[in-house]
Amino acid sequence: LATIAAFVWYIKTHPEQISQLKTTNPTWLALILLANVGGMAALVGLYQVLVRMVNIRLPATENMLLTIYSSIANFFGPLQSGPGVRAAYLKTKHSLPLKRYVLVTLVAYAAFAVLSAFCLAVGTRPWWQTVLAVVGAIGVSALVIRRLSKTNRAESKQLTLTTPLLAGVLFFTTLQIVFLTLRYYLALRASGTDVSLGQALSYTGAANFALFVSITPDGIGIREAFLLFSQNIHGVATPDIVAASLIDRATYVLFLGLLFVLALGLHAKERIVRVNAAKTAKNALH
């Protein structure tokens, strides 16, 4: 009920996005939705790797539902509410200490930051600036993780940081950024903006860094500010940024709505399975 209310509130308070959705070519919207599906699949894989790092194995359906709900919370809640939802759920359902999940989440954030720095520079800047951006992101990420690991040594020792799992984080984060780049590229093209692949990569890198300071639902205004401040890097004009953002957010709201319907369907399927299992057990007893 709260999720439905959030969707209704968002649509009523952002009518311009729905208007933009109605006037956009349906083909572009379908392609953006497919890019969102790919990005969500990458997130499901990434979160499965992260829970393996804290020695928890989630069934595929449970992991998918948790990813859906945390994505919805991430959109409507402030301060990146998605990881908070996941941490609270894993603590309640699987007795996972919050500090341990924070540490493993930082590993994913570090990969996201480094790859985003690479995208920001590699698209339009000289190679040496790309190297500096990546080295800077690695340095800051390592400093943050090292500092928190020292203050939480007991929890950091409980993490399983094997090479295959770390490679999994890198792989799924790369896949996530690939689909994000495709999503933003399609939104820009849907708005009538002619951009190159290099510009799309830089645009994505700039938009991704808004993740770390998002104090508004889905970083509304924050992401646009990052894109405006980095115009001299990606070269996308202000009107094009605004138009593409409207299309992107409107399509993402539609995508989250479809995800919510899917979540209800998965819950219904689980309930039917449980009822059938109970009936089978009852018949067996008789």
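Located above this text is the structure these notes cover.
Residues numbered from 1 in each chain as written. Predicted model: local features only at pLDDT ≥ 70, side-chain atom pairs only at ≥ 80, totals over all residues. Heavy atoms only, no water.

Colleague: How would you explain the packing of helix H6 (residues 98-122) against helix H10 (residues 197-208) if you had to name every residue and give the values?
Modeller: Packing of H6 against H10 leaves a shortest axis separation of 6 Å and a crossing angle of 140°. In terms of their interaxial angle, H6 and H10 are classed as oblique. When the axes of H6 and H10 are compared, the crossing they make is left-handed. Contacts between H6 and H10 involve Phe 112, Ser 116, Cys 119, Leu 120 and Val 122 from the first element and Leu 201, Ser 202, Gly 205, Ala 206 and Asn 208 from the second. (Axes fitted to C-alpha atoms, helices over the stretch in contact; angles between N-to-C directions. Helix = DSSP H or I, 4+ residues; strand = E, 2+ residues; numbered from the N terminus. Parallel < 35°, antiparallel > 145°, perpendicular 65-115°, else oblique. Left-handed = near helix turned anticlockwise from the far one by under 90°. Contact = heavy atoms within 4.5 Å.)

Colleague: A description of a nonpolar patch on the surface should follow, citing residues and the corresponding values.
Modeller: Taken together, the side chains of Trp 127, Trp 128, Val 131, Leu 132 and Val 135 present a nonpolar region at the surface, about 590 Å² in accessible area. Of note, Val 131 is situated in helix H7 (residues 127-151). (Patch = residues over 30% accessible without salt bridge, like charges linked within 9 Å, V, L, I, M, F, W, Y side chains within 5 Å. Areas by Shrake-Rupley, 256 points an atom, 1.4 Å probe, with all protein chains shown as cover. Salt bridge = Lys/Arg side-chain N within 4 Å of Asp/Glu carboxyl O.)

Colleague: I'd like to hear about the nonpolar core, residue by residue, with values.
Modeller: Ranked by internal contacts, the top residues of the largest apolar core, which has 26 residues, are Leu 188, Tyr 203, Leu 227 and Val 236. If you tally residues by element for this core, the top one is helix H9 (residues 163-190), at 7 residues. Not counting chain neighbours up to four residues away, the residues in contact with Tyr 203 comprise Tyr 184, Leu 188, Leu 227, His 234, Val 236, Ile 241, Ala 244 and Ser 245. (Core = buried A, V, L, I, M, F, W, Y, C linked by side-chain atoms within 4.5 Å. Buried < 20%, exposed > 50% of the residue type's maximum accessible area, 1.4 Å probe, protein only.)

Colleague: Give me unusual backbone geometry: which residues, what numbers.
Modeller: Phi is positive for Asn 55, close to 65°, though the residue is something other than glycine. Within the secondary structure, Asn 55 sits in the loop between helix H3 (26-53) and helix H4 (60-76). Of note in this structure, Ser 95 is not a glycine but carries a positive phi near 55°. On the secondary structure map, Ser 95 appears in the loop between helix H5 (81-94) and H6.

Colleague: Break down the pattern of salt bridges for me, with residues and values.
Modeller: Summed over the entire model, instances satisfying the criterion amount to 4 salt bridges. Ionic pairing is found between Glu 224 and Arg 249, a salt bridge with its closest N-O pair at 2.9 Å. Of this pair, Glu 224 sits in helix H11 (residues 222-229) while Arg 249 sits in helix H13 (residues 238-285), and the two are 25 residues apart along the sequence. Judged by relative accessible area, which is 15%, Glu 224 ranks as buried. With a relative accessible area of 2%, Arg 249 lands in the buried category.

Colleague: So what's going on with the environment of Val 195? Which residues, and what values?
Modeller: Within the secondary structure layout, Val 195 lies in the loop between H9 and H10. Using a relative accessible area of 8% as the deciding quantity, one classes Val 195 as buried. Taking the C-alpha atoms as reference points, Val 195 and Gly 235, 40 residues apart in sequence, are found 8.9 Å from one another. Among all residues touching Val 195, those that are not within four sequence positions of it are Tyr 185, Leu 188, Arg 189 and Val 236.

Colleague: Explain H7 to me, using residue names and the numbers behind them.
Modeller: In a regular helix each residue adds 1.5 Å, so 25 residues correspond to 36 Å; H7 covers 37 Å between its end C-alpha atoms and thus fits that length. All buried positions along H7 are accounted for by Thr 130, Val 134, Ala 137 and Ser 141. Buried residues along H7 sit against H6. (Expected span 1.5 Å × (residues − 1).)

Colleague: I'd like a description of the layout of surface pockets, backed by residues and values.
Modeller: Considering only enclosed or pocket space, the largest pocket measures out at about 240 Å³ in volume. Lining the largest pocket are 13 residues; nearest its centre among them are Val 107, Ala 111, Ile 145, Leu 166 and Val 169. When contributions to the lining of the largest pocket are tallied by element, the ones reaching two or more residues are H6, H7 and H9. If you tally residues by element for the lining of the largest pocket, the top one is H6, at 5 residues. Grouping the constituent residues of the lining of the largest pocket by class yields 11 nonpolar, 2 polar and no charged. By volume, the second largest pocket amounts to about 180 Å³. Taken together, Leu 106, Tyr 109, Ala 110, Ala 113, Ala 137, Val 140, Ser 141, Val 144, Ile 145, Phe 209 and Phe 212 make up the lining of the second largest pocket. Looking at which element gives the most residues to the lining of the second largest pocket, the answer is H7, with 5 residues. Split by residue class, the lining of the second largest pocket holds 10 nonpolar, 1 polar and no charged. (1 Å grid on protein atoms, 1.4 Å probe; cavity = no way out; pocket = protein on both sides within 12 Å on 5 of 7 lines; lining within 4 Å. Points joined across faces, edges and corners; volume = space filled by probe spheres on them. Nonpolar A, V, L, I, M, F, W, Y, C, P; charged D, E, K, R; others polar.)

Colleague: Explain empty space enclosed by the protein residue by residue, including any values.
Modeller: Think of a ball as big as a water molecule: rolled over the atoms, this probe shows where empty space is left. A full pass over the atoms with the stated rule returns 2 cavities of 30 Å³ or more. Looking at the second largest cavity, its volume works out to about 30 Å³. Taken together, Tyr 184, Tyr 203, Arg 223, Leu 227, Ala 244, Ser 245 and Asp 248 make up the lining of the second largest cavity. For the lining of the second largest cavity, the elements supplying multiple residues, two or more each, are H11 and H13. For the lining of the second largest cavity, the element with the most residues is H13, which contributes 3 residues. For the lining of the second largest cavity, a count of residues per class yields 4 nonpolar, 1 polar and 2 charged.

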